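Read off the chains here:
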Amino acid sequence: MEQAAGCPAVGGSYPQKNAEILSSQYGINLFLAGLLLTFAWAVHAVGISKSHLLSYLITLMLIQLLWMLWYLCRSCTQRRLIRDKDTHAGARWLKCGITLFAVITLILDSFKIGYYIDFSNCLSPTEGIFPVTHAVHTILQVYFLWCHAKDVIQSFKTLERFGVIHSVFTNLLLWTNGVLTESKHQLNEHKERLITLGFGNITIVLDDHAPQCNCTTTTLCSIFSQGIYYLYPFNIEYHILASTMLYVLWKNIGRKVEHHQQNKTPFKFHGITVGMIFGLIVLTSTIAIVVVYLIQIGGSKIKSELALTMFYLHAIFVLALMCTAGIVALLIYRLEDRSLDNSKNPARKLDAELLVGTAAGSWLLSWGSILAIICAQGHPKYTWYNLPYSVLVIIEKYIQNLFIIESIHREQEKVNDDIKTLRIVTISRGTTLSLTPLYKEIYNGRGARDSGDIPCLFKGTICGRENDGAGVAKEETSQDNSLVMRSASDFSFCSRNSVTNNKRRILKNIAAFLFLCNLSLWIPPAFGCRPEYDNGLEEIVFGFEPWIIVVNLAMPFSIFYRMHSAASLFEVNCKT
């Protein structure tokens, strides 16, 4: 009878597994078709124009909009039903982050609409329809993620799998389109800078997709065209964050969730002053370096070389500090004896895979630079700083990945921060009193006022008080009730708790420092400060076109790594 009862459950898993495989294959083919179309437009393939690519993306967004509207309507009609939730998915700080990027993306769409209006005489109608559709898509998607990122879908599972995976790869294609557009703009600027560095033997051919007509309002056109490229980094981060949140939603479809309450981990500034101060110093100096770099690079050969030297020295110093901080954190973990949480968690698994996977992008660039320095026949002075910089990039990400992955897998302490180990045994006339108040309430000298038995901790003494509801002779009651024993480990409570708090304080400061450092290192490549383009040595060794292809493929992953690391370190700081 048990086998017969179990057979339907086992057999029922096969259709869902098939639906998962079919939906993933549908998404991959959707992405590959769009990727090929994007590549064809980038290389000016015959018969392929930008309007074809935008039409494809508009169609995908409209399909996703229809699915999200259907899901939202169905959720409203079934609002009374109790749904399973994945408490680890869609954290509030992650939603706030994606909302910020979405707001800037909406500004980008408004710039594109303005740009289309000014060049409407020679631009395809799709270039005006695309930003409007994208704005509506952004607003609805952010609302959807705020309301349903934690959902564990248990109905219409096959249909929902296709809808969610369609949304995942739609966002990935929009991310790819943004990366390519921004990279082409950066490449054009890079080709112009190479001339000032003396690399005149490299063929300079600008890849121009500018409209073939005059702008109706020259000033506005200049503002829109320049502003668009400064906003693209935020648009790129928005779409990659949305795709990761939707992927977790897809993995949670049909999943059986263990019903246990997750400890809330709010962010607190208390105790991380040192890490924040040093991190803010790094952030401020990085912004200054980027501003100077963008002003100096391309001005003259001397100015360009000084800009590159300044960038490398600053980056070497920051990376060395980050390596030191990561090593200290790992040493503290080695001194602690705490088990790891190996429970099934799609969000945590995806975080770890993204950290290692996206780090490979900058590792590829670093090894390319190291090989170029070794093999090059001539070495301008500034290129030697590239060697320690590239080595430190590899080491720093290796250490940081270890720290973050171990941090997100460590089990949280089950007892409040202020009291790690506290055992109180009180006996009243042979009967043990109930410890009904929370530990934190006990520590603060407050008990549940509606409780009959209220133990309290006040100025290092422990007493048992009994409220009889009539306010009669509390002193007599306290004399009748006596303390019988206190655990031997409580005598060393203060010292152990002090050591633990010191370790946690150090770890929180390290996480805060690394968080701001990763934000700092995200800024230079995101806003055009890319020495991999500008130092010119790699182009001589590998050839201009091959190296540019490598940089254009690896750089987006390197940029995303920094933002994803910052998000992960924020979570580590909250959990520590």
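All values reported here derive from a predicted model rather than from experimental measurement. As a convention, each chain's residues are numbered from 1 in the sequence order in which they are written. Reporting in this predicted model follows two pLDDT cut-offs: at least 70 for local features of residues, and 80 or more for side-chain atom pairs to be given and counted; totals over whole chains, interfaces and linings ignore these cut-offs and use all residues. For side-chain calculations, the full set of non-hydrogen atoms in the structure is used, while hydrogens and water are omitted.

## Description of the overall build of the chain
Alright, step 1. On a plain count of helices and strands, the chain comes out with 16 helices and 5 strands.
Alright, step 2. Considering only contacts within the chain whose residues lie at least 6 apart along the sequence, 85% involve residues at least 24 apart.
Alright, step 3. Summed over all atoms, the accessible surface of the chain reaches about 29100 Å², with 64% contributed by carbon and sulfur. Counting from the N terminus, the helices are DSSP H or I runs at least four residues long and the strands are E runs at least two residues long. Note on contacts: a residue pair is in contact if any heavy atoms of the two residues lie within 4.5 Å. Only the protein chains shown count as covering a residue, and every accessible area follows the Shrake-Rupley method with a 1.4 Å probe.

## Things to note about the side chain of Thr-170
Alright, step 1. Mapped onto the elements, Thr-170 comes out in helix α5 (residues 157–196).
Alright, step 2. The cut-offs for exposure are 20% and 50% of the maximum accessible area for each residue type, with area from a 1.4 Å probe on protein chains only; residues under the lower value are buried, those over the upper are exposed, and the others partly exposed. Thr-170 sits in the buried class, given a relative accessible area of 1%.
Alright, step 3. A polar contact of 2.7 Å, which involves the side chain of Thr-170, links it to the backbone oxygen of His-166.
Alright, step 4. The contacts of Thr-170, once residues within four sequence positions are left out, are Leu-60, Met-61, Gln-64 and His-137. The term polar contact refers here to a pair of N or O atoms within 3.5 Å; inside protein, the definition further demands a hydrogen-donor-capable atom paired with an acceptor-capable atom, and it admits residues adjacent in sequence only when both atoms are side-chain atoms.

## So, the nonpolar core
Alright, step 1. Formed by 122 residues in total, the largest nonpolar core has its most connected members in Phe-144, Phe-311, Met-322, Tyr-389, Phe-403 and Leu-514.
Alright, step 2. A total of 16 residues in this core trace back to one element, the largest contributor, which is helix α6 (residues 218–251).
Alright, step 3. Each of domain 1 (14–256) and domain 2 (267–411 + 499–575) gives at least three residues to this core.
Alright, step 4. Once residues lying within four places of it in the same chain are set aside, the contact partners of Met-322 are Glu-396, Gln-400, Phe-513, Leu-514, Cys-517, Asn-518, Leu-521 and Arg-562. Throughout this description, the term nonpolar core refers to a set of buried Ala, Val, Leu, Ile, Met, Phe, Trp, Tyr and Cys residues connected via side-chain atoms within 4.5 Å. Domains are outlined according to an automatic or database domain assignment.

## Some details on the packing of aromatic side chains
Alright, step 1. A pair of aromatic rings is counted whenever rings of Phe, Tyr or Trp (Trp by its six-membered ring) have centres within 6.5 Å, and the orientation is called stacked for planes under 30 degrees apart, edge-to-face for over 60 and tilted otherwise. Applying the stated criterion to the full structure yields 20 aromatic pairs.
Alright, step 2. Summarising the aromatic geometry, the rings of Phe-311 and Tyr-312 are spaced 5.8 Å apart at their centres and angled 70 degrees between planes, so their arrangement reads as edge-to-face.
Alright, step 3. In this structure Phe-311 comes out as buried when scored by relative accessible area, which is 7%.
Alright, step 4. Note on Trp-522 and Phe-527: the rings are 5.8 Å apart at their centroids and 85 degrees apart in plane angle, and the pair reads as edge-to-face.
Alright, step 5. Given the relative accessible area of 5%, Trp-522 is considered buried.
Alright, step 6. Members of the aromatic cluster, joined through ring pairs, are Phe-101, Phe-234, Trp-522 and Phe-527.

## Let's talk about the pattern of salt bridges
Alright, step 1. Whenever a carboxyl oxygen of Asp or Glu lies within 4 Å of a side-chain nitrogen of Lys or Arg, that contact is scored as a salt bridge. Tallied over the full model, the rule gives 5 salt bridges.
Alright, step 2. Taking the shortest distance from any N to any O, the salt bridge between Glu-20 and Lys-251 comes out at 3.8 Å. Here Glu-20 is found in helix α1 (residues 2–42), whereas its partner Lys-251 is found in helix α6, with 231 residues between them in sequence.
Alright, step 3. In this structure, Glu-396 engages Arg-562 in a salt bridge whose closest nitrogen and oxygen atoms are separated by 3.0 Å.

## Notes on helix α10 (residues 386–409)
Alright, step 1. For α10, with 24 residues, the first-to-last C-alpha span of 35 Å sits near the 34 Å given by 1.5 Å per residue.
Alright, step 2. With respect to burial, α10 is a largely interior element, 17 of its 24 residues being buried. Every helix has an expected span of 1.5 Å times one less than the residues it contains.

## Section: the packing of helix α4 (residues 126–148) against α6
Alright, step 1. Lines fitted to C-alpha atoms define the axes here, with helix axes fitted over just the stretch in contact, and angles between the N-to-C directions of these axes take values from 0 to 180 degrees. The geometry of α4 relative to α6 is characterised by a closest axis approach of 11 Å and an angle of 40 degrees between their N-to-C directions. Taken together, the axes of α4 and α6 lie oblique to each other. Relative to α6, α4 is oriented so that their crossing is left-handed. When α4 is examined against α6, the residues His-134, Thr-138, Gln-141, Val-142, Phe-144, Leu-145 and His-148 are found in contact with a partner set consisting of Asn-235, Tyr-238, His-239, Ala-242, Met-245, Leu-246 and Leu-249.
Alright, step 2. Only Asp, Glu, Lys and Arg are considered charged in this grouping, and only Ala, Val, Leu, Ile, Met, Phe, Trp, Tyr, Cys and Pro are considered nonpolar; every other residue, Gly among them, is considered polar. Looking at the contact of α4 with α6 residue by residue, the classes come out as 8 nonpolar, 6 polar and no charged. Should an angle fall under 35 degrees it is called roughly parallel, over 145 degrees roughly antiparallel, and 65 to 115 degrees roughly perpendicular, with every other angle called oblique. Definitions for this section: a left-handed crossing has its near helix turned counterclockwise from the far helix by less than a right angle. A right-handed crossing has that turn clockwise.

## What to know about the side chain of Glu-396
Alright, step 1. As for its placement among the helices and strands, Glu-396 is situated in helix α10.
Alright, step 2. If we ignore the near neighbours within four places in the chain, the residues touching Glu-396 are Leu-319, Met-322, Cys-323 and Arg-562.

## Some remarks on the packing of helix α7 (residues 273–296) against helix α8 (residues 301–335)
Alright, step 1. Direction vectors running N to C along α7 and α8 enclose 165 degrees, while the axes themselves pass 9 Å from each other. Here α7 lies roughly antiparallel to α8, going by the angle between them. The handedness of the crossing between α7 and α8 is left-handed. Together, Val-282, Ser-285, Thr-286, Ile-289, Val-292, Tyr-293 and Gln-296 of α7 and Lys-303, Ser-304, Ala-307, Leu-308, Met-310, Phe-311, His-314 and Val-318 of α8 make up the contact between the two elements.
Alright, step 2. Split by residue class, the contact of α7 with α8 holds 9 nonpolar, 5 polar and 1 charged.

## Concerning the environment of Phe-542
Alright, step 1. As for its placement among the helices and strands, Phe-542 is situated in helix α15 (residues 537–542).
Alright, step 2. For Phe-542, a relative accessible area of 32% gives the class partly exposed.
Alright, step 3. Not counting residues up to four positions away in its chain, the partners in contact with Phe-542 are Gly-368, Leu-371, Ala-372 and Trp-547.

## Here's the deal with a nonpolar patch on the surface
Alright, step 1. A contiguous nonpolar surface patch, about 390 Å² in accessible area, is contributed by Val-274, Ile-277, Phe-278 and Ile-281.
Alright, step 2. Positionally, Ile-277 belongs in helix α7. Patch membership is restricted to residues that have no salt bridge and whose relative accessible area is over 30%. Joining uses 9 Å for like charges and 5 Å for the nonpolar side chains Val, Leu, Ile, Met, Phe, Trp and Tyr.

## A word on the confidence of the model for the chain
Alright, step 1. Confidence of the predictor at the level of single residues is given by pLDDT, which spans 0 to 100. Of all residues in the chain, 73% have pLDDT values of 70 or greater, and the mean over the chain is 77.
Alright, step 2. Low pLDDT, under 50, characterises residues 415–488; the predicted model gives this stretch 82 contacts beyond four residues in sequence or across chains.

## Quick word on the environment of Ser-55
Alright, step 1. Position of Ser-55 relative to the elements: it lies in helix α2 (residues 50–77).
Alright, step 2. The partly exposed category is assigned to Ser-55, whose relative accessible area is 31%.
Alright, step 3. The sequence separation of Ser-55 and Ile-129 amounts to 74 residues, and the corresponding C-alpha distance is 9.0 Å.

## Quick word on the environment of Leu-123
Alright, step 1. Here Leu-123 is to be found in the loop between α3 (92–118) and α4.
Alright, step 2. Look at Leu-123 and you get buried, because its relative accessible area is 13%.
Alright, step 3. When the C-alpha atoms of Leu-123 and Ser-51 are compared, they prove to be 9.1 Å apart, with 72 residues separating the residues in sequence.

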